[in-house]
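Per-entry structural report
One-letter residues, chain by chain:
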Amino acid sequence: MDCDIAIVGAGPAGLALARALADTGLHTVLVERQSREQVADPAFDGRDIALTHLSRRLLRQLGAWERIAPAEIAPLQCARVLDGDSPQALGFGDARADAEPLGWLVSNHLIRKALHEAIAPLGHVELRCGTAVEQVATDVNGVRLALADGSALRARLLVGADTRFSATRRQMGIGAAMKDFGRVAIVCRMRHELSHEHTAWECFHYGRTLAILPMPGDASSIVITVPADQAQAVLDQEPAAFEAEVAQRFGHRLGAMRLASKRMAYPLVAVHADRFVAQRFALIGDAAVGMHPVTAHGFNLGLSGVDLLAGEIRRQWQRGADIASPAALARYQSRHRLATLPLFHGTNGIVGLFTDDRLPARLARKAVLHLSERLPPVRWAIRHKLVSREHVGGPLLALLP
Ligand SMILES: Cc1cc2nc3c(=O)[nH]c(=O)nc-3n(C[C@H](O)[C@H](O)[C@H](O)COP(=O)(O)OP(=O)(O)OC[C@H]3O[C@@H](n4cnc5c(N)ncnc54)[C@H](O)[C@@H]3O)c2cc1C
């Protein structure tokens, strides 16, 4: 064998798994099609990630949290949901600066950079950049990978962390439930006149949704969701017109707003793999579950899955047993699916409800917001999921927006 574990993709999930197994000394090879420079010092990609308390705990354990400058971390104190022009808002959290935050916002590229720094000193973790995995095959004895540069790799366990459109998943014969929303998320950073007061807003306007996430200083991450056929027009809109439109759609709550980055587009396709494991194979990150970003669960679930899989591999290694044992992989699958499946379907249902502009859906979401505002158990469940430091699974998650 060339190595113990081969990971396809050095995105945040792949890097996190390599770091999570640091104590085992298992020889791990990450294969990444991007260049070494792009992995070591990734460019801003417009994605700003809302991290839960569990994710912060896991990033601390991975030695990544402390590598992110405190000035780059924005606490999230409150969250508000607005429907159309209705003054009624569903709200959570406590705006006082000394209150426990609901979570934290950090740019995706800084998380990737910190995770890369955390694996860089590990002698047993190898990063092969600038080449893609083209073909994979597994049998009872091991795994074979064919790389685009013509080289081959043999391992005991193969892990697919190669995006929600994972080619590795497909080659391993695993299908996936896919929900193409026919919409595109356009993301950018904006500066504004007034303070965001560490509050995130989700505004469901007819035809478009607008999310405003508080970043460090007087800046916010903007996520505009539009039907795919309108995306190019929003990307091409004159900056001044774009700025004025965002400020107006947000009711001028932040005063004048100015673009502070270019606009980037992400097609909205949610994916849930039919299985997370196969012979000597496991899926993690978006390759297992690629969530709609509206509920900010994608990377949080990815980290949680990494922790579960690393725990199973570590237990096998401690006992001197096969790290790719079918029973260990099955335990990972059942625990992670229990957490992800209800959330995946619940999120897709709620996204459908909140982006449907027909009258019945408008009435239904007004009722949902009204009920959620008045039912303490629903508000408690949402808050509990955000601030929990443990893996949360089961039907409770289906309640969450
Ligand atoms: C607009 C937006 C906002 C979001 N906001 C949040 C949020 O607030 N909270 C949250 O938790 N999540 C959020 N997410 C989701 C989060 O960004 C993803 O869940 C996370 O980035 C997935 O990480 P990953 O490592 O699984 O995959 P990726 O980041 O997609 O990385 C996969 C890597 O695999 C490499 N690769 C692919 N194929 C191959 C191959 N054949 N060979 C070698 N390498 C390969 C790619 O180059 C890439 O580097 C958001 C997503 C979007 C789009």
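This text goes with the structure placed above it.
Residues numbered from 1 in each chain as written. Predicted model: local features only at pLDDT ≥ 70, side-chain atom pairs only at ≥ 80, totals over all residues.

A separate point is the overall build of the chain. Along the backbone of the chain there are 11 helices and 21 strands. Every one of the 401 residues in the chain was classed for burial, and the buried ones make up 44%. Within the chain, counting contacts between residues at least 6 apart in sequence, those at least 24 apart form 74% of the total. (Helix = DSSP H or I, 4+ residues; strand = E, 2+ residues; numbered from the N terminus. Buried ≥ 20, exposed ≤ 12 C-beta atoms within 10 Å, placed from the backbone. Contact = placed C-beta atoms within 7 Å.)

This next bit is on the packing of helix α1 (residues 12-20) against helix α8 (residues 298-318). One way to put it is that α1 packs onto α8 with a least axis distance of 9 Å and a crossing angle of 30°. The pairing of α1 with α8 is recorded here as roughly parallel in orientation. As for how α1 packs across α8, the hand of that crossing is right-handed. Residues Pro12, Ala13, Ala16, Leu17 and Ala20 of α1 form the contact with α8, whose participating residues are Phe299, Gly302, Leu303, Val306, Asp307, Leu309 and Ala310. Here the contact of α1 with α8 is composed, by residue class, of 10 nonpolar, one polar and one charged. (Axes fitted to C-alpha atoms, helices over the stretch in contact; angles between N-to-C directions. Parallel < 35°, antiparallel > 145°, perpendicular 65-115°, else oblique. Left-handed = near helix turned anticlockwise from the far one by under 90°. Nonpolar A, V, L, I, M, F, W, Y, C, P; charged D, E, K, R; others polar.)

The sheet built from three strands is open, its strands ordered β9-β10-β11 with antiparallel pairing. Each end of this open sheet is capped by a strand with a single partner; those strands are β9 (133-138) and β11 (152-155). On average, adjacent strands in this sheet sit at an angle of 15° to one another, irrespective of strand direction. In this structure, strand β10 (residues 143-147) lies alongside β11, joined through four bridges in antiparallel fashion. Considered in β11, the bridge of Arg144 is made with Arg154. (Pairing = 2+ DSSP bridges.)

Before going further, it helps to examine the site of the ligand. Surrounding the ligand, one finds 35 residues, the nearest of these being Gly9, Gly11, Gly285, Ala296 and Gly298. If you list the elements that add at least two residues to the shell around the ligand, you get α1, β2 (28-32), β3 (48-51), β13 (176-192) and α8. If you tally residues by element for the shell around the ligand, the top one is α8, at four residues. In terms of residue class, the shell around the ligand is made up of 19 nonpolar, 11 polar and five charged. (Near = placed C-beta within 6 Å.)

This brings us to the nonpolar core. If you look at the biggest cluster of nonpolar residues, it comprises 110 residues, and the most contacted ones within it are Ala6, Leu17, Ala282 and Ile284. In terms of residues, this core owes the most to one element, α8, which gives eight residues. Lining this core are residues from two domains, each supplying at least three of them: domain 1 (5-66 + 108-177 + 272-359 + 375-399) and domain 2 (79-104 + 179-267). Non-local contacts of Ala282, meaning those with residues more than four positions away in its chain, are made with Val159, Phe276, Val277, Leu309, Leu329 and Tyr332. (Core = buried A, V, L, I, M, F, W, Y, C linked by C-beta atoms within 7 Å. Domains from an automatic or database assignment.)

Let's shift gears to α1. Across the nine residues of α1, nine count as buried, placing the element largely inside the fold. Of all the positions in α1, only Pro12, Ala13, Gly14, Leu15, Ala16, Leu17, Ala18, Arg19 and Ala20 are classed as buried. Tucked inside the fold, the buried residues of α1 contact β1 (5-8), β2, α4 (108-119), β8 (125-129), β12 (157-160) and α8.

The pairing of strands in a sheet happens through backbone hydrogen bonds and is either parallel or antiparallel. Sheet architecture is open: six strands sit in the order β8-β2-β1-β12-β20-β19, paired in mixed fashion. Among the strands making up the open sheet, the edge pair consists of β8 and β19 (277-278). Examined bridge by bridge, β1 and β2 share four bridges and lie parallel to one another. Its bridge partner lying in β2, Ile5 is registered against Thr28.

Given 3.6 residues per helical turn, the α-helix brings residues three or four places apart onto the same face. Here α4 contains 12 residues, and its C-alpha end-to-end distance of 17 Å stays within 8% of the 16 Å for a straight helix at 1.5 Å per residue. Within α4, the full set of buried residues consists of Ile111, Arg112, Ala114, Leu115, His116, Ala118 and Ile119. In this fold, the buried residues of α4 make contact with α1, α2 (36-40), β3, β7 (103-107) and β8. (Expected span 1.5 Å × (residues − 1).)

This paragraph deals with the environment of His205. Within the fold, His205 resides in the loop between β14 (199-204) and β15 (209-215). Of the residues examined, His205 has 16 C-beta atoms within 10 Å and is grouped as partly exposed. Each C-alpha atom of the pair His205 and Asp83 lies 6.5 Å from the other, and the pair is 122 residues apart in sequence.

Don't take any of this as a statement about function, it's just geometry.
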